[in-house]
Amino acid sequence: MSFRKDFMWGAATSAYQIEGGVYGTGKGMHVWDVFTKEPGRIFEGHTGDVACDHYHRFREDVAIMKEIGLKAYRFSMDWSRILPEGTGRVNEEGIAFYNALIDELLKNGIEPFVTLYHWELPYELYKRGGWMNPQSAEWFGEYAALVADRFSDRVKNFFTINEPQCFVGLGFLTGEHAPGLKSPIRDTFEMAHNALRAHGRAVQQLRAHAHQPLTIGFAPTSGVCYPETEKPEDIEAARQMYFSLPDPEHWTWNVAWWSDPVLFGHYPEEGLVRYEKYLPKITDEDLRLISEPIDIYGQNIYNGRCFRMGADGKPEEVTRYEGFGKTAIDWPVTPECLRWGPKFLYDRYRKPIYITENGMSAHDVVSLDGKVHDPNRIDFLARYLGELKKASDEADIRGYFHWSLLDNFEWNKGYSERFGMVYVDYRTQQRILKDSAHWYRDLIQKNGAEL
Ligand code: FCB
């Protein structure tokens, strides 16, 4: 049981959550820039206007990555920083920023993994219908082509879209996230279909404009279903539930509707029946576009639910005991998800897997000794990574990106949740490596041998 020799130990961030540099930088607005200004939407009215000021401090942040010994860094580009209107006019200042960041990473021996879309829909495109507009696939393709033109001489690894479950489900069904709408379910299926088409178009355009062979994937998320025991029937129960489809009002929380079309070229049969009255027109041409071949499969995994096979031959959930471990954001601590998630995904899709996000928020504070002690995070990581190591025997796992490098703007929770390995004092922008960052550095040096 061990990690590959070339295992990519990394950390992840996203543009809006850390960059700042919203004004005076030639950037266009996106839906989060607008949404965060709406009263009552975000914890205590926080915005990402400054965030971690990474736009101006990226050199310091790359130095921190180097100190931790990261081999890889996953970050996202803000579409509206590069194309202020989403299409057409290019903001050269935005290009220069990402060029400088990429160069700094490479100079420090850190492999960049670029995510094209971590929820920053340009506001100008939102006004034209956003993901509801079938043209959105072409808009996203234009952006992907530009990214490949300008950066793929140095960047080899790309993820197209991050967690479509969230930007469609939280953005348009529950309205917790930007743009904060409660749209008809029918609309959200249309958006999802267009977002998947956009993914496919981006894969095509990245390859067509690439300066070197690229490694391309996408990065959905999942709440994993894991078995109570290793009995074959419990494993089967968990697997069935993991790929099952929820009721229409929560439909975005699933794996198969998003990933089957990308990797198999068709939507799951069960969903076509179950969701029939909500579905847009789906053509063979769409499915060919959506299933444009990818090289790697990313997955953001934070937690899961436990299942066993019931006496009636149907999966049944194993309820959590009172006082079950949880993180500051109230998510359960379920390390098993990092074993069974990748295993089930690999069994089904047979693509090399990257854990594109995993981590926890804690009530981190600067102690009297000036340090940030986060034993909970170290314990969490030891447990989760121990399970991932087990999965390495059963699945082709290429890398792990800890969420997150820095404490950052946690969407509608603002700065109240701290997910970083590096503490950020938002009053001064001072960064302090938490104990977990030192722990992670040792782990990387030994390639996880001691887990
Ligand atoms: C994921 C998001 C990421 C971050 C973590 C905690 O859903 O992709 O931006 O908010 O959760």
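Think of each chain on its own: its residues are numbered from 1, step by step along the sequence as written. It should be noted that, the model being predicted, local features are given only for residues of pLDDT at least 70 and side-chain atom pairs only at 80 or more, the latter also being counted only at that level, while totals for whole chains, interfaces and linings use all residues. Heavy atoms from the whole structure form the basis of all side-chain values; hydrogens and water molecules are not counted.

Engineer: Where do I start with the overall build of the chain in this structure?
Structural biologist: Along its length, the chain carries 16 helices and 12 strands. In this description the radius of gyration comes from C-alpha coordinates, and the expected globular size is given by 2.2 Å times residues to the power 0.38. The C-alpha atoms of the chain give 21 Å as radius of gyration, which agrees with the globular expectation for 451 residues (22 Å, within 12%). Dimensions of the chain, computed from the C-alpha atoms along their principal axes, are close to 65 × 55 × 45 Å. The buried share of the chain, reckoned over its 451 residues, is 62%. For this analysis, residues touch if any pair of their heavy atoms sits within 4.5 Å. Within the chain, contacts between residues at least 6 apart in sequence are counted, and of these 77% link residues at least 24 apart. Within the structure as shown, the chain displays about 17,000 Å² of accessible surface, and the carbon and sulfur contribution to it stands at 49%. Put simply, the chain has 52 plus and 66 minus side-chain charges, and the middle of one group is 2 Å from the middle of the other. A run of DSSP states H or I qualifies as a helix once it reaches four residues; a run of E qualifies as a strand once it reaches two. Both are numbered from the N-terminal end. Burial classes: relative accessible area under 20% of the type maximum marks a residue as buried, over 50% as exposed, and values in between as partly exposed (1.4 Å probe, protein chains only). Exposure was quantified through the Shrake-Rupley algorithm and a 1.4 Å probe, taking into account, for residues, occlusion by the shown protein chains and nothing else. Neither His nor the chain ends is counted toward charge; the positive residues are Lys and Arg and the negative residues Asp and Glu. For this purpose, a charge sits on NZ of Lys, CZ of Arg, CG of Asp or CD of Glu.

Engineer: Looking at this structure, how should I read the pattern of salt bridges?
Structural biologist: In a structure, side chains of opposite charge can pair up when their charged atoms sit close to one another. For this analysis, a salt bridge means a side-chain nitrogen from Lys or Arg found within 4 Å of a carboxyl oxygen belonging to Asp or Glu. The full count for this structure, using the stated rule, is 45 salt bridges. Put simply, Arg 57 and Asp 53 hold a salt bridge, and the shortest N to O gap is 3.0 Å. Take Asp 53: its relative accessible area is 12%, and that puts it in the buried class. Beyond isolated ion pairs, a larger network of salt bridges with shared partners links Asp 364, Asp 374, Arg 377, Asp 407, Arg 418 and Lys 434.

Engineer: Help me understand unusual backbone geometry in this model?
Structural biologist: Excluding glycine, a negative phi dihedral is what most residues carry, and trans is how most peptide bonds are arranged. In this structure, Pro 179 follows Ala 178 across a cis peptide bond, with omega equal to 5 degrees. Its location among the elements puts Pro 179 in the loop between α8 (164-173) and α9 (185-208). Cis geometry is adopted by the peptide bond preceding Ser 404, which originates at Trp 403 and carries an omega value of 10 degrees. Residue position: Ser 404 is located in the loop between β10 (397-403) and β11 (422-425). Residues other than glycine seldom take positive phi values, yet Glu 44 does so here, at roughly 50 degrees. Looking at where Glu 44 falls in the secondary structure, it is placed in the loop between α2 (31-35) and α3 (54-68). Even without a glycine there, the phi angle at Glu 163 is positive, about 40 degrees.

Engineer: Before we go on, may I ask you to explain the pairing of strand β3 (residues 111-117) in this structure?
Structural biologist: In summary, the side chains of a regular strand alternate between the two faces of the sheet. In terms of burial, β3 is largely enclosed, as 7 of its 7 residues are buried. Pairing of strand β2 (residues 72-76) with β3 involves 5 bridges; the strand directions are parallel. Residue Phe 75 lies in a different strand from β3, and its bridge partner there is Val 114. Examined bridge by bridge, β3 and strand β4 (residues 157-162) share 4 bridges and lie parallel to one another. Residue pairing in the sheet places Thr 115 in a bridge with Phe 159 of β4. Two strands qualify as a pair provided that DSSP identifies no fewer than 2 bridges between them.

Engineer: So what exactly am I meant to see when it comes to helix α7 (residues 136-151) here?
Structural biologist: Quick reminder: α-helices carry 3.6 residues per turn. Residues three or four places apart thus point the same way. How far a helix is expected to stretch is found by multiplying one less than its residue total by 1.5 Å. In a regular helix each residue adds 1.5 Å, so 16 residues correspond to 22 Å; α7 covers 22 Å between its end C-alpha atoms and thus fits that length. Buried residues dominate α7, accounting for 12 of its 16 residues. Listed in full, the buried residues belonging to α7 are Ser 136, Ala 137, Trp 139, Phe 140, Gly 141, Tyr 143, Ala 144, Ala 145, Leu 146, Val 147, Ala 148 and Phe 151. Packed against the buried residues of α7 are α4 (79-82), α5 (92-107), β3, α6 (123-127), β4 and α9.

Engineer: Looking at this structure, how should I read the packing of helix α14 (residues 337-349) against helix α15 (residues 375-391)?
Structural biologist: The angle between the axes and the distance between the axes are what describe a pair of packed helices. Where helices are involved, their axes are fitted lines through C-alpha atoms of the stretch in contact, as for all axes, and angles between N-to-C directions lie from 0 to 180°. Two elements in contact, α14 and α15, have axes whose closest approach is 7 Å; the angle formed by their N-to-C orientations is 30 degrees. Considering the angle they form, α14 stands roughly parallel to α15. As for how α14 packs across α15, the hand of that crossing is right-handed. Where α14 abuts α15, its residues Cys 337, Leu 338, Arg 339 and Pro 342 lie against Tyr 384, Glu 387, Leu 388, Lys 390 and Ala 391. Here the contact of α14 with α15 is built from residues that sort into 6 nonpolar, no polar and 3 charged. We call two directions roughly parallel when the angle between them is under 35 degrees, roughly antiparallel when it is over 145, roughly perpendicular when it lies between 65 and 115, and oblique otherwise. By convention, the crossing between two helices is left-handed when the near helix turns anticlockwise from the far helix through less than a right angle, and right-handed when the turn is clockwise. Following the grouping adopted for this structure description, the nonpolar residues are Ala, Val, Leu, Ile, Met, Phe, Trp, Tyr, Cys and Pro, the charged ones are Asp, Glu, Lys and Arg, and the polar ones are all others, Gly among them.

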